[in-house]
Amino acid sequence: MEVHQHFGDPSLVITYRHLLSHNLGVRDPLRIVALCDSDAFYAACEMVRLGTAEDTPLVVLQWDSIIAVNYPARKYGISRMSKVKDALQKCPHLQVVHVATYKEGAKEPGYWDDVDTKTHKVSLDYYRRESLKVAAKFKDLLPGCEIEKASIDEAFIDFTKRAKELILERHPYLANPPPEGLDSPLPPPPSISWDGIGHLIPSIDEGQLFEEGKPVEEMSVSWHDVALSISAELMQTARQEVLKTLGYSTSAGIARNKFLAKLSASDKKPNNQSILRNSVIPYYLKPLPFQKIRYLGGKLGMAIAKEYEASTDMQKSFGEQAIWVWEVLRGIDRSEVKEKTSQNKSMMASKNLPKPIVDAKDGYHWIRVLAAELALRLNDARKQDPRIWPKAIVLHARKGYEAARSKQAPFPFVRDLTVDIIANHGDRLWRELVGNAQSVHVSAVQLSFSGIEASEAGQRQIEDFLQGAKRTRVEDEASEGLSFTCSRCGKVIRQTDSIRSGEGSEADPLVKLRMEHDDFHYAQDLAKADNRMVLTPDSAGERPRPAKKKKENAERQGIERFFGRKASD
DNA sequence: AGCCAGCAT
DNA sequence: GCATGCTGGCT
C-alpha cells in the first residue's frame, strides 16, 4: 500500500500533546469537520410552509424552470432539468409550487396563481429566513463547535474541540501523560461501534470486505477514528433534532477537512450521513472525477484538466491520478471552519428581463422595484442589529450579450431608509451606466448593497444622537444657546431663532435640534441623489422643512407604487 | 476604491 | 436557466 505514504499526516502518530492542545488548527491530527446540508431545501421549505405530507412529490418553480425537486418527486425521474409538463406526465399528482414573488399592488412578497415574469419579481426571502432558523438551531444543538454557514442550505461544522473533550471525558486516563512526556503516543484506541451514527464509507468494493483474512472495518483503528465516531454521534442527534423541531431533513459528511466533508456529504442523500476515515481516503479519491471537487468544477478545473492531459511527462512522473488530485487538495484545503456573522456582507436584488429595456427611461421602473426590495430587506436586517449599514450601493446592467457592467457609489448613513433614497442612488448609477443614450438594450439589472457591516460609524452616529445631548448641554450651559457637533458633517450646529418656533413642545430642545439637523442630511441625500441643488447645513434650518415633507411622501410609496407603473414595453 | 471575473448553491 | 452570494485580482 505505497499509496498510503503520500498521505503523511493521517498516519502520523497521535500524541498526548495532540489530544490536550486546543490550538493546532488545520494541522491537528484529530481534526474533524462536517458539512451538513439540507435536502432539496427550497422544496422542503415549501413543504413546511404548506404542511405537505412527507412523501408527497413536490417541485418548486421559478417562472418556467424547476429549481428544486424533493426526493419523493425524484423517484419519478423528475430532475431540475425537467419541463413542468413532462414532470406532470411522469407524476400526475405532483405538487407544483411557484416561489414567492412581489407583484403589483402588494407590499409584501406572496404566493399568487397568476405569476408573470414581465410584471413580478421573485423573492427568496422566505428561504433565507428558514435558513437562519436552521443555522441557529444547529448552533444551539452543537455547543463548543465552530459553525460556518456556507450557503443558504449548507454549513461546515468543526467538531475538533468538542470531540477531544468527549474523548477525555470517556477515557479519563488520557488526561495523565506518562513519564515519557506529552510527546509520547497515545495508547491503542478502543474498538469503535459505528452503529446508528451513519454510513461508514468502505475502503473497497462492498463485495470484498475482507483483506488479509480480517474484516476491513476492523483494520487500523486510530484515535482519529474515535474522534470521527464521536462527532458523527453529535451530528446525528443534531440532525434528528432539526428534523423533529423544524421539519428539515439533512445530509452530512464527516471527515478530516472541509473538502472531504463536502465530498462525502452527498454519498448517502437524503436524510443520512457518511463518515470518511483517513485510512480510506485514497480509495475514496481514486475513482473520483476531480471536477467534483470544490473550485475545480469551473474554468480552473478545465484548465488543469487540459494541462494534465497535455503533459504526459507529468502523468508518467506522477503516475496515479488520485495522488495528483490529493496533492491539489492538500494545497488548497488549509481552510478553517470559521464562524461568520449571521449578517451577509452583501445584499442583492436582481431581475432578468425577458423583454429588455429599450428606452433608457424605463430603467427607473425596475430600479425602483429592486430598491423597494432592498429597503424591505435591509430594514428587516436592522431589526436584528440596528447598526448594520452598507458601505456602497452597486448597480449592474447587462447590455445585450455583453458581460454585465456595473457602477457603484458610497452609500451614506441615514436613519430612516426609504425606497426613495435607494432608488435615487440607483437612478444616478443608471444614468452613469447608460450615458447619454436614450435607446439601450438592457436584459438584466441587479442592484446591491456591498460591504454591509455593523459599523462603528453608524453606531456612533446613533449613540451621539441619543447620548450626545446630555454631554453637549453641559458644555453649552456656560455659553449661549444650544449647539452640538454633528458626527456626520462635523459641523457645529447651533440653534438659531429661525428654528425656534415655540411649538410648546415637550421634547428636549436639543434632541429636537438634532432631529432637525438629521432631516437636513436626509434631504441632502435626496438632493444629491437627484443631482440637484446641494444645501448647506447652515441654511437647512431656514427652509420650511423640505425633508419632512419628502419623507411623508416617501412613506406612502410602498413597493406597490412601482409596480403600479407600467413597464412601458 | 471601483470594477470585473470566477465560483458556488 | 435565474436569483442570489462570496472572494480575489487588476487598475
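This section reports on the structure supplied with the text. Source: prediction; values computed, not measured. (Residues numbered from 1 in each chain as written. Chains lettered and ligands numbered in written order. Predicted model: local features only at pLDDT ≥ 70, side-chain atom pairs only at ≥ 80, totals over all residues. Heavy atoms only, no water.)

Our next topic: the overall build of chain A. Secondary structure assignment for chain A yields 19 helices and 21 strands. Residues counted as buried form 47% of the 569 residues belonging to chain A. Expressed as a percentage of contacts within chain A between residues at least 6 apart in sequence, the contacts between residues at least 24 apart total 69%. For chain A, the exposed surface amounts to about 29400 Å²; the carbon and sulfur share of it is 51%. (Helix = DSSP H or I, 4+ residues; strand = E, 2+ residues; numbered from the N terminus. Buried < 20%, exposed > 50% of the residue type's maximum accessible area, 1.4 Å probe, protein only. Contact = heavy atoms within 4.5 Å. Areas by Shrake-Rupley, 256 points an atom, 1.4 Å probe, with all protein chains shown as cover.)

Taken residue by residue, a regular strand's side chains alternate between the two faces of the sheet. Sheet topology places strand β7 (residues 146-151) next to strand β8 (residues 154-158); five bridges connect them, and they run antiparallel. Along β8, the bridge assignment pairs S151 with E154. Connecting β7 to the next strand, β8, in antiparallel fashion are two residues. (Pairing = 2+ DSSP bridges.)

What follows covers the protein's contact with DNA strand B. In the vicinity of DNA strand B there are 16 residues, among which D153, Y295, K299, S406 and Q408 approach most closely. Close to the protein, within 4 Å, the atoms of DNA strand B belong to sugar or phosphate groups at a rate of 93%. A distance of 2.6 Å is found between a phosphate oxygen of DNA strand B and a side-chain nitrogen or oxygen belonging to S406. Contributing elements (two or more residues each) for the surface near DNA strand B: α10 (299-310) and β17 (404-410). At five residues, the largest contribution of residues to the surface near DNA strand B is made by β17. Split into classes, the residues belonging to the surface near DNA strand B amount to four nonpolar, five polar and seven charged. (Near = heavy atom within 4 Å. Polar contact = N/O pair within 3.5 Å; in protein donor to acceptor, adjacent residues only side chain to side chain. Nonpolar A, V, L, I, M, F, W, Y, C, P; charged D, E, K, R; others polar.)

Turning our attention to the sheet that holds β17. The antiparallel open sheet is built from four strands, whose spatial order is β14-β18-β16-β17. Edge positions in the sheet fall to β14 (347-359) and β17, since each has one partner strand and no second. On average, adjacent strands in this sheet sit at an angle of 20° to one another, irrespective of strand direction. Helix α13 (residues 363-384) rests against β14, β16 (392-399) and β18 (439-450) of the sheet, and its axis sits at about 170° to β14. Along the sheet, helix α14 (residues 419-434) contacts β14, β16, β17 and β18; its crossing angle with β16, the most-contacted strand, is approximately 45°. (Axes fitted to C-alpha atoms, helices over the stretch in contact; angles between N-to-C directions.)

Taken together, 18 residues form the shell around DNA strand C, and within it I67, K121, S346, M348 and N352 come nearest. When the atoms of DNA strand C within 4 Å of the protein are grouped by moiety, sugar and phosphate amount to 86% of the total. Contacts to DNA strand C include W63, whose side-chain N or O atom sits 3.5 Å from a phosphate oxygen. Interatomic distance of 2.8 Å between a backbone N/O atom of M348 and a phosphate oxygen of DNA strand C. At the level of elements, β6 (121-122) and β14 are the ones that each hand at least two residues to the surface near DNA strand C. Counted by class, the surface near DNA strand C contains seven nonpolar, six polar and five charged residues.

We now examine the packing of helix α5 (residues 125-141) against helix α7 (residues 223-246). Between α5 and α7, the shortest axis-to-axis distance is 10 Å and the interhelical angle comes to 135°. Relative to α7, the element α5 lies oblique. Crossing handedness for the pair α5 and α7: right-handed. Together, K133, V134, K137, F138 and L141 of α5 and M235, A238, R239, E241, V242, T245 and L246 of α7 make up the contact between the two elements. Split into classes, the residues belonging to the contact of α5 with α7 amount to seven nonpolar, one polar and four charged. (Parallel < 35°, antiparallel > 145°, perpendicular 65-115°, else oblique. Left-handed = near helix turned anticlockwise from the far one by under 90°.)

Moving on: the packing of aromatic side chains. Each aromatic ring pair is characterised by the separation of its centres together with the angle its planes make. Following the criterion strictly, the structure yields seven aromatic pairs and no others. Note on F41 and Y42: the rings are 6.5 Å apart at their centroids and 55° apart in plane angle, and the pair reads as tilted. Overall, the relative accessible area of 4% leaves F41 in the buried class. Put simply, the rings of F41, Y42, Y126, Y127 and Y248 pair up and form one aromatic cluster. One Lys or Arg, R74, reaches over the ring of Y71 and ends 4.0 Å from the middle of that ring. The residue whose ring lies beneath K103 is W112, and the NZ or CZ to ring-centre distance is 4.8 Å. (Phe/Tyr/Trp six-rings, centres within 6.5 Å; stacked < 30°, edge-to-face > 60°. Lys NZ or Arg CZ within 6 Å of the ring centre and 35° of its normal.)

Once that is clear, we can look at α5. Each turn of an α-helix holds 3.6 residues, which means side chains three or four residues apart point in the same direction. Between the first and last C-alpha of α5 there are 25 Å, a value that for 17 residues agrees with the 24 Å anticipated at 1.5 Å per step. Three or more residues of α5 are buried, namely D125, Y127, E130, S131, V134, A135 and F138. (Expected span 1.5 Å × (residues − 1).)

In this section: the nonpolar core. Of all hydrophobic cores here, the largest spans 53 residues; its most connected members are F138, L142, I157, F159 and M235. In terms of domain composition, this core takes at least three residues from each of domain 1 (2-39 + 129-328) and domain 2 (41-124). In this structure, M347, A349, L374 and F413 belong to the second largest nonpolar core, which totals 39 residues. (Core = buried A, V, L, I, M, F, W, Y, C linked by side-chain atoms within 4.5 Å. Domains from an automatic or database assignment.)

A few words on α7. For α7, spanning 24 residues, the distance from its first C-alpha to its last is 34 Å, which sits close to the expected 34 Å at 1.5 Å a residue. Counting buried residues along α7, 17 of its 24 residues qualify, which places the element largely inside the surrounding structure. Capping of α7 at its N-terminal end is provided by S222; its side-chain oxygen lies 3.1 Å from the backbone amide nitrogen of H224. Of the residues one or two after α7, G247 is the one with positive phi, at around 90°.

What follows covers the sheet that holds strand β2 (residues 58-62). Spatially, three strands are ordered β3-β2-β4 in an open sheet, and the strand pairing comes out mixed. The open sheet is flanked by β3 (65-69) and β4 (95-98), the only strands paired with a single partner. Averaged over all adjacent pairs, the angle separating strand axes in this sheet is 35°, with direction ignored. Both β2 and β3 contribute to a ladder of four bridges, which runs antiparallel. Note on β3: the bridge partner recorded for V59 is V69.

Okay, the side chain of R239 next. Structurally, the position occupied by R239 is in helix α7. For the buried R239, no salt bridge exists, and the shortest N-O distance to an oppositely charged side chain is 6.2 Å, to D39. Among the polar contacts made by the side chain of R239, one reaches the main-chain carbonyl oxygen of T250 at a distance of 3.0 Å. Once residues lying within four places of it in the same chain are set aside, the contact partners of R239 are C36, F138, T250, S251, A252, N271, N272 and Q273. (Lys, Arg positive; Asp, Glu negative; His and termini not counted. Salt bridge = Lys/Arg side-chain N within 4 Å of Asp/Glu carboxyl O.)

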